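So you can see what is in the structure, the chains are spelled out below.
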Amino acid sequence: MYLHRSLEIRDLELICLFPQSEEELFYISPRFVFPLTPDQIMNLAKDRFEPTVIIDKEKDKVVAYANIYADESEEDSFWLGNVIVSPEYRGKGASEYLINVMLEKAKNKLKMETLRLACHNTNSRGLAFYSKYGFKPFDIKIINLGSERFITIHMIKKLI
């Protein structure tokens, strides 16, 4: 039902329609500003590894996106980033396919021993999903954006 390939410029407009609210876009990246634009995706993707889209092969339609990035402050620290699934495909296996593809790329293509991610405490659906795939909490970080404070839960999965 699903295939994957590298992100292409032609995918950007559709991916920008996936976040349905400011809160949802914040979950994808606190750096993004609602509404999401192709330029925001490309500016972040230029420093990322394996920007990947998931395609519904029956409809030849992009249905999900994610990438991997390095934490420059910590050697061998790689993170899953910008995970987003089209609202139409949530709960239909696209997120499972996406996470499995990204884990495979991290382990076999990029030769990573662990993969980390950050998930906001208010994103209970995301926390449950990542936990199901073997990610375990290892730290929390408090983010101050203007007058608001957010708690981000850092999770890690061993790949070897």
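Anything mentioned here points back to the structure above.
In this report, we go over the structure that sits alongside the text. Sequence order as written defines the numbering, with residues in each chain counted from 1. At least 70 in pLDDT is required for a residue's local features to be given in this predicted model, at least 80 for side-chain atom pairs to be given and counted, and no such filter applies to totals for whole chains, interfaces and linings, which use all residues. Excluding hydrogens and water, the side-chain figures rest on all heavy atoms present in the structure.

## Regarding the packing of helix α4 (residues 94–109) against helix α5 (residues 124–132)
Next up, step 1: Axes here mean lines fitted to C-alpha atoms, for a helix over just the part in contact, with angles spanning 0 to 180 degrees between N-to-C directions. The helix and strand labels rest on DSSP assignments: H or I over at least four residues marks a helix, E over at least two residues marks a strand, and numbering proceeds from the N terminus. Contact geometry of α4 with α5 gives a least axis separation of 11 Å together with a crossing angle of 50°. As far as their axial angle goes, α5 and α4 are oblique. The element α4 and its partner α5 pack so that their crossing is right-handed. Side by side, α4 and α5 meet where Ser95, Glu96 and Ile99 of the first sit next to Phe129, Tyr130 and Lys132 of the second. Under this scheme an angle from 65 to 115 degrees is roughly perpendicular, one under 35 degrees roughly parallel, and one over 145 degrees roughly antiparallel; angles in between are oblique. Crossing handedness is read from the near helix: turned anticlockwise from the far helix by less than a right angle, it gives a left-handed crossing, and turned clockwise, a right-handed one. Should any heavy atoms of two residues lie within 4.5 Å, those residues are considered in contact.

## Points about the pairing of strand β4 (residues 78–85)
A regular strand places its side chains on the two faces of the sheet in alternate fashion.
Next up, step 1: Categorising residues by exposure relies on relative accessible area from a 1.4 Å probe, with only protein chains included: less than 20% of the type maximum marks a residue as buried, more than 50% marks it as exposed, and the intermediate range marks it as partly exposed. Counted residue by residue, β4 has seven buried out of eight residues, so it is predominantly covered.
Next up, step 2: Taken together, the six bridges between strand β3 (residues 61–70) and β4 define a ladder with antiparallel strand orientation. From the neighbouring strand, tyrosine 65 faces β4, where its bridge partner is isoleucine 84. By this definition, two strands are paired if DSSP reports at least two bridges between them.

## Points about the nonpolar core
Next up, step 1: We call a set of buried Ala, Val, Leu, Ile, Met, Phe, Trp, Tyr and Cys residues a nonpolar core when their side-chain atoms join them within 4.5 Å. In this structure, Leu80, Ile99, Leu115, Tyr130 and Phe135 are the most contacted members of the largest nonpolar core, which totals 29 residues.
Next up, step 2: Of all the secondary structure elements, the ones that give two or more residues to this core are β3, β4, α4, β5 (114–120), α5 and β7 (148–158).
Next up, step 3: In terms of residues, this core owes the most to one element, α4, which gives seven residues.
Next up, step 4: If you look at the next biggest cluster of nonpolar residues, it comprises 17 residues, including Ile15, Phe18, Phe32 and Ile55.

## Observations regarding the environment of valine 63
Next up, step 1: Turning to its location among the elements, valine 63 is positioned in strand β3.
Next up, step 2: Judged by relative accessible area, which is 0%, valine 63 ranks as buried.
Next up, step 3: Separated by 35 residues in sequence, valine 63 and leucine 98 have C-alpha atoms that sit 9.6 Å apart.
Next up, step 4: With residues up to four places along the chain from it excluded, the contact list for valine 63 reads Tyr2, Phe18, Ile54, Ile55, Asp56, Ile84, Val85, Ser86, Tyr89 and Ala94.

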